[in-house]
Amino acid sequence: MFTLSSPHNHTPYCDGKSTAEDMVLSAIRHGFVSMGFSSHAKQDFDTFYAMDEAGEAAYIKEIKQLQTQYADRLRIWLGMERDSYSYADCAPFEYVMGAVHYLPLPDGKMFPVDGPMDMVTSAIKDHFGGDSLLYANTYYGRLGSYIREYKPDIIAHFDLLMKNNRQGELFDPEDPLFIKAATDAMDEAALGCKLLEINTGGMARHGAPIPYPAPGLLAYWRQIGGQVIVAADCHQAAQIAYGYEEAARLIRAAGFKKAAILGRHKALFEWIDVV
Ligand SMILES: [Zn+2]
Ligand SMILES: [Zn+2]
């Protein structure tokens, strides 16, 4: 296994279950050299999952305090996971993970692509004319344009919509039109950010067999010059390195020789060998 680090960790400031300090202690126990916190950024809908104004201020204060308290044991970074419909300003943060979790519906509501399956199937039926390919195109179109325009430091869980398609319930992942939607989004996203997260969160929390993104997309990302960073999208301290062995195996299988980790010193990223 390679040097351990993670940029993607949640706490009760959003939808995480473990305190920030418990996450730090877990990272130290697992031998991490660095870690970052990535609370869900402020948004004006589904507020349970994200920080509010007061929560953001308290979050920043606590993470800065932990940075000082644990400075001799672990390099801690202050980040946020910013949805494409968040209104949060990135200025107070040291890095941003860009993500699409939601699509807007004609009735003005926001629909989470990683929500319950019945919600997703209803939305496809009612708002995408039952056309799951149109749904996938809409998701990937939004993701590609958001990453190109916003230019986050890391792209989070690229094919999140696969959460509800483990058994091909919504679409055939081998369908050339579906693959084209995803790879077109990768081409566009790469203009704004070259660093893609290998996200094992679905393995830890939903029993997914592999991380995001699927191996075919990972291979495409390498072909177009993309880079990778591993994270467990951790919501419980004990799972901070969940699935890292499998992530490392898939990175090697896709032909990557190096991966990023959060830096141990001043630079946001360092590069480690994965061979
Ligand atoms: Zn996310
Ligand atoms: Zn997350």
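The paragraphs below set out a description of the structure included in this document. (Residues numbered from 1 in each chain as written. Chains lettered and ligands numbered in written order. Predicted model: local features only at pLDDT ≥ 70, side-chain atom pairs only at ≥ 80, totals over all residues.)

For the protein chain, the count of helices and strands is eight helices and eleven strands. For the protein chain, the spread of C-alpha atoms along the three principal axes comes to 55 × 45 × 30 Å. Residue burial in the protein chain is summarised as follows: out of 275 residues, 46% are buried. If you take every contact in the protein chain between residues at least 6 apart in sequence, the share linking residues at least 24 apart comes to 72%. (Helix = DSSP H or I, 4+ residues; strand = E, 2+ residues; numbered from the N terminus. Buried ≥ 20, exposed ≤ 12 C-beta atoms within 10 Å, placed from the backbone. Contact = placed C-beta atoms within 7 Å.)

Turning next to the environment of Lys180. Summarising the element assignment, Lys180 is placed in helix α5 (residues 176-189). Taking the C-alpha atoms as reference points, Lys180 and Ala237, 57 residues apart in sequence, are found 37 Å from one another.

This part is about the pairing of strand β3 (residues 75-83). Burial within β3 is extensive, with eight of its nine residues counted as buried. The sheet contact formed by strand β2 (residues 34-40) and β3 spans seven bridges and is parallel. The partner of Ser38 across the bridge, within β3, is Gly79. Each parallel crossover has a hand, and the one from β2 via helix α2 (residues 53-69) to β3 is right-handed. Sheet topology places β3 next to strand β4 (residues 95-99); five bridges connect them, and they run parallel. Across the sheet, residue Met80 finds its bridge partner in β4, namely Val96. (Pairing = 2+ DSSP bridges. Right-handed = clockwise from strand over helix to strand, strands pointing away.)

With 80 residues, the main nonpolar core has Tyr139, Leu143, Ile155, Ala189, Val228, Ile229 and Ile251 as its most contacted residues. Looking at this core, the element that brings in the most residues is helix α4 (residues 132-150), giving seven residues. What Leu143 contacts, discounting residues up to four positions off in sequence, is Val100, Ala185 and Ala189. (Core = buried A, V, L, I, M, F, W, Y, C linked by C-beta atoms within 7 Å.)

This part is about unusual backbone geometry. Looking along the chain, the bond that leaves Tyr212 and enters Pro213 is cis, with omega of -5 degrees. Mapped onto the fold, Pro213 is located in the loop between α6 (201-206) and α7 (215-223). In this structure, His157 takes a positive phi of about 20 degrees despite not being glycine. Note on placement: His157 falls in the loop between β7 (154-155) and α5. If you check the backbone angles, Asp233 has positive phi at about 45 degrees while not being a glycine. Within the secondary structure, Asp233 sits in the loop between β9 (227-231) and α8 (244-253). The class for Asp233 is buried, based on 29 C-beta atoms found within 10 Å.

To continue, consider the environment of Ala189. Mapped onto the elements, Ala189 comes out in helix α5. The exposure class of Ala189 is buried, given the 25 C-beta atoms found within 10 Å. Each C-alpha atom of the pair Ala189 and Ile147 lies 5.0 Å from the other, and the pair is 42 residues apart in sequence.

A separate point is α5. For α5, built from 14 residues, the straight-helix expectation of 20 Å at 1.5 Å per residue is met to within 8% by its first-to-last C-alpha distance of 19 Å. Those residues of α5 that sit buried are Ala181, Ala182, Ala185, Met186 and Ala189. Summarising the axial view, the buried residues of α5 lie within an arc of 135 degrees, below the 170-degree limit, and thus occupy one face. With respect to the buried face of α5, the exposed residues turned more than 90 degrees away are Pro176, Leu177 and Asp187. (Expected span 1.5 Å × (residues − 1). Arc of directions from axis to C-beta.)

Next up on the list: the packing of α5 against α7. Contact geometry for α5 and α7: axes closest at 10 Å, N-to-C directions at 35 degrees. Considering how the two elements wind past one another, α5 and α7 form a crossing that is right-handed. Together, Ile179, Ala182, Thr183 and Met186 of α5 and Gly216, Leu217, Tyr220 and Trp221 of α7 make up the contact between the two elements. When grouped by side-chain class, the residues that make up the contact of α5 with α7 number six nonpolar, two polar and no charged. (Axes fitted to C-alpha atoms, helices over the stretch in contact; angles between N-to-C directions. Left-handed = near helix turned anticlockwise from the far one by under 90°. Nonpolar A, V, L, I, M, F, W, Y, C, P; charged D, E, K, R; others polar.)

Turning next to α7. Within α7, burial applies to Leu217, Leu218 and Trp221. One face of α7 carries all of its buried residues, which in axial projection span an arc of 105 degrees. For α7, exposure combined with an orientation more than 90 degrees from the buried face picks out Pro215 and Gln223. Packing partners of the buried residues in α7 comprise α5, β8 (195-199) and α8. Positive backbone phi, at 90 degrees, marks Gly225, one or two positions downstream of α7.

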